[in-house]
Amino acid sequence: MNLYYVLLISLFLSSCRAADPLGNFCNQNTNISSSSRVSVNIDGVLAEVVSKTALTGYVTTSSGKGSDKVYGLAQCRGDVSSKDCSSCIQDAAKEIRQRCPNQADARIWYDYCFLRYSQDDFVGKVDTSFGIFYFNVENVSDPQSFNKELGALMDTIRSEAVVPKNEGLGKGKTGLSPFVTLYALVQCTRDLSQIDCAQCLAIAVGNFPNFCDNRKGCRVLYSSCYVRYELYPFFFPLDSNTGTSVGQTKVIVRF
Ligand SMILES: *[C@@H]1O[C@H](CO)[C@@H](O)[C@H](O)[C@H]1NC(C)=O
Ligand SMILES: *[C@@H]1O[C@H](CO)[C@@H](O)[C@H](O)[C@H]1NC(C)=O
């Protein structure tokens with residue numbers, strides 16, 4: 001692991017409102033003024049993604065031309081209803097402008113959706129330059145067998161995600177004991193080719209030893225893919241809760 005800014009924040013999931021993003025990135029090298037053409041084009045991109053993302057769960061768009069052109073991408077997690085998708089994207093569009101009011105390259109992550117825009121045409125390119133890692137502070141009691149089961153489940157759902165009809169989504173579960181079930185989900189943004197999706201997921205899972213080692217739950221959030229596992233149900237259709245507590249979560253942001 002190279003040297004990065006590492007920011008550690010303690011969080012309690014119970015204190016998170018639905019509208020709270022998991023994180024955001026405002027590229028400080030892309031400062032713009034709020035009266036610029038670029039800013040108007042960002043509003044154009046946001047209007048488009050708010051009106052269209054929930055139809056299919058995914059949209060790419062652009063607004064303006066020449067040196068003021070802005071590209072946008074929005075995507076909901078593939079298991080999320082169009083109603084939840086729509087409200088997540090509406091929150092994202094509002095929140096990203098508040099958090100990054102003067103940046104042309106901005107990104108925001110929620111569990112149910114992701115939104116970004118930039119003057120660079122990023123569509124179709126793998127981007128793991130900025131990552132957010134959430135992990136449960138509790139550790140599993142039997143790391144060896146846990147990691148074996150986790151690895152096997154990740155392999156299965158990663159190969160699902162790159163099947164074209166699955167549109168970048170893979171999810172599944174494994175019983176670890178009669179009382180404990182491991183749930184996992186991976187998703188690539190839909191602009192990626194199969195090989196690029198596989199690469200993004202490999203980088204995310206390759207970071208498990210750094211950020212998720214033996215943790216009861218972990219999430220890796222990149223601009224091109226999302227990876228999560230937990231010992232409780234978190235994706236739709238929801239399993240009835242087996243009673244495992246969610247526990248305290250911490251976050252690391254890596255530039
Ligand atoms: C962009 O603006 C922020 C404050 O909003 C400032 O901290 C940062 O240094 C600026 N970046 C550049 C490259 O000027
Ligand atoms: C889990 O393991 C990590 C690293 O091995 C350790 O720093 C941490 O204190 C452990 N957490 C708990 C709740 O025991």
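Bear in mind the structure is a predicted one, so any value in this text is a computation, not a measurement. (Residues numbered from 1 in each chain as written. Chains lettered and ligands numbered in written order. Predicted model: local features only at pLDDT ≥ 70, side-chain atom pairs only at ≥ 80, totals over all residues.)

**Points about the overall build of the chain**
Counted only if it meets this: What counts as a helix is a DSSP run of H or I of at least four residues, what counts as a strand is a run of E of at least two, and both are numbered from the N terminus. Using C-alpha atoms as the atom set, the radius of gyration is obtained and then compared with a globule rule of 2.2 Å times the number of residues to the power 0.38. Each residue is classed by its C-beta neighbour count within 10 Å, where at least 20 other C-beta atoms makes it buried, 12 or fewer makes it exposed, and intermediate counts make it partly exposed; the C-beta atoms are placed from backbone geometry. Throughout, a pair of residues is in contact if the C-beta atoms placed from their backbones lie within 7 Å.
Looking only at helices and strands, one finds 5 helices and 12 strands in the chain. At 18 Å, the chain has a C-alpha radius of gyration in line with the 18 Å of a compact globule built from 255 residues. With respect to the three principal axes, the spread of C-alpha positions in the chain is 60 × 40 × 30 Å. In the chain, buried positions account for 42% of the 255 residues. At a minimum sequence separation of 6, the contacts of the chain that also span at least 24 residues come to 69%.

**Structural notes on the packing of helix α1 (residues 37–56) against helix α2 (residues 82–99)**
As a reminder of what qualifies: To get an axis, a line is fitted to the C-alpha atoms, and for a helix only the part in contact is used. The angle between two axes follows their N-to-C directions and goes from 0 to 180 degrees. If an angle is under 35 degrees, it is roughly parallel; if it is over 145, roughly antiparallel; if it lies from 65 to 115, roughly perpendicular; otherwise it is oblique. Ten residue types, Ala, Val, Leu, Ile, Met, Phe, Trp, Tyr, Cys and Pro, are classed as nonpolar, four, Asp, Glu, Lys and Arg, as charged, and the remainder, Gly among them, as polar.
Between α1 and α2, the shortest axis-to-axis distance is 8 Å and the interhelical angle comes to 170°. For the element pair α1 / α2, the angle class is roughly antiparallel. For the pair α1 and α2, the contacting residues are L46, V49, V50, T53 and A54 in the first and S82, C85, S86, I89, Q90 and A93 in the second. Among the residues making up the contact of α1 with α2, the classes are represented as 7 nonpolar, 4 polar and no charged.

**What to know about the nonpolar core**
A general tendency of soluble globular proteins is for nonpolar side chains to be buried together. The following threshold applies: As used throughout, a nonpolar core is a set of buried Ala, Val, Leu, Ile, Met, Phe, Trp, Tyr and Cys residues joined through C-beta atoms within 7 Å of each other. The split of the chain into domains comes from an automatic or database domain assignment.
The biggest cluster of nonpolar side chains holds 68 residues, and the ones touching the most others in it are I89, A92, C113, L115, C200, L201 and C225. When residues of this core are assigned to domains, at least three fall in each of domain 1 (17–118) and domain 2 (131–254). Among all residues touching I89, those that are not within four sequence positions of it are V49, V50, T53, A54, A74, C76, C113 and L115.

**Focus: the site of ligand 1**
Operational definition: Defining nearness, a residue is near a molecule or strand when the C-beta atom obtained from its backbone falls within 6 Å of it.
Every residue close to ligand 1 is listed here: Q28, N29, N31 and N102. Its residues assigned to classes, the shell around ligand 1 comprises no nonpolar, 4 polar and no charged.

**Some points on the domain arrangement of the chain**
One widely used convention gives an interface's size as the accessible area the parts lose upon coming together. Segmenting the chain into domains produces domain 1 (17–118) and domain 2 (131–254). Between domain 1 and domain 2, the C-alpha centre-to-centre distance is 25 Å. Between domain 1 and domain 2, the contact holds 13 residues from the first and 14 residues from the second. Looking at the side of domain 1 that touches domain 2, the elements that each hand over two or more residues are β3 (58–63), β4 (70–76) and β5 (106–109). For the side of domain 1 that touches domain 2, the per-class residue count stands at 5 nonpolar, 4 polar and 4 charged.

**Looking at helix α3 (residues 143–161)**
This is how the line gets drawn: For a helix, the expected span equals 1.5 Å multiplied by the number of residues minus one. The directions considered for the arc run from the helix axis to the C-beta atoms.
An ideal rise of 1.5 Å per residue puts 27 Å on 19 residues; α3 measures up with 26 Å between its terminal C-alpha atoms. Inspection of α3 places L150, L153, M154, I157, R158 and A161 among the buried residues, and these make up the whole buried set. In a view along the axis of α3, the buried residues occupy a sector of 135°, so they form one face of it. In α3, the exposed residues that point more than 90 degrees away from the buried face are Q144, S145, K148, G151, A152 and D155. Contact partners of the buried residues in α3: β8 (169–175), β9 (181–188), α4 (194–206) and β11 (225–230).

**Quick word on the UniProt feature "domain: Gnk2-homologous" (unreviewed entry) in the chain**
Keep this limit in mind: UniProt positions are given in the numbering used here, feature names are shortened, and annotations may be inferred rather than shown by experiment.
Per the UniProt record, "domain: Gnk2-homologous" (unreviewed entry) is annotated on residues 20–122 and 128–234. Across residues 20–122, the secondary structure splits into 37% helix and 26% strand, with the terminal C-alpha atoms separated by 25 Å.

**Notes on the environment of R158**
By secondary structure assignment, the location of R158 is in helix α3. With 21 C-beta atoms counted inside 10 Å, the residue R158 sits in the buried group. As for R158 and V205, which are separated by 47 residues in sequence, their C-alpha atoms are 9.8 Å apart.

**Some words on the sheet that holds strand β6 (residues 113–118)**
The cut-off we apply is this: Following DSSP output, two strands are said to pair if at least two bridges run between them.
Reading across the sheet, the 5 strands line up as β2-β5-β6-β4-β3 and stay open at both edges, with antiparallel pairing between neighbours. In the strand order of this sheet, the two ends are held by β2 (23–26) and β3, each with one partner. Across the sheet, the mean angle separating the axes of adjacent strands is 5° when strand polarity is ignored. Pairing analysis gives 6 bridges linking β4 to β6, with the strands arranged antiparallel. The residue of β6 that forms the bridge with Q75 is F114. Strand contacts of α1: β3, β4 and β6, with the helix running at about 155° to β3, the strand carrying the most contacts.

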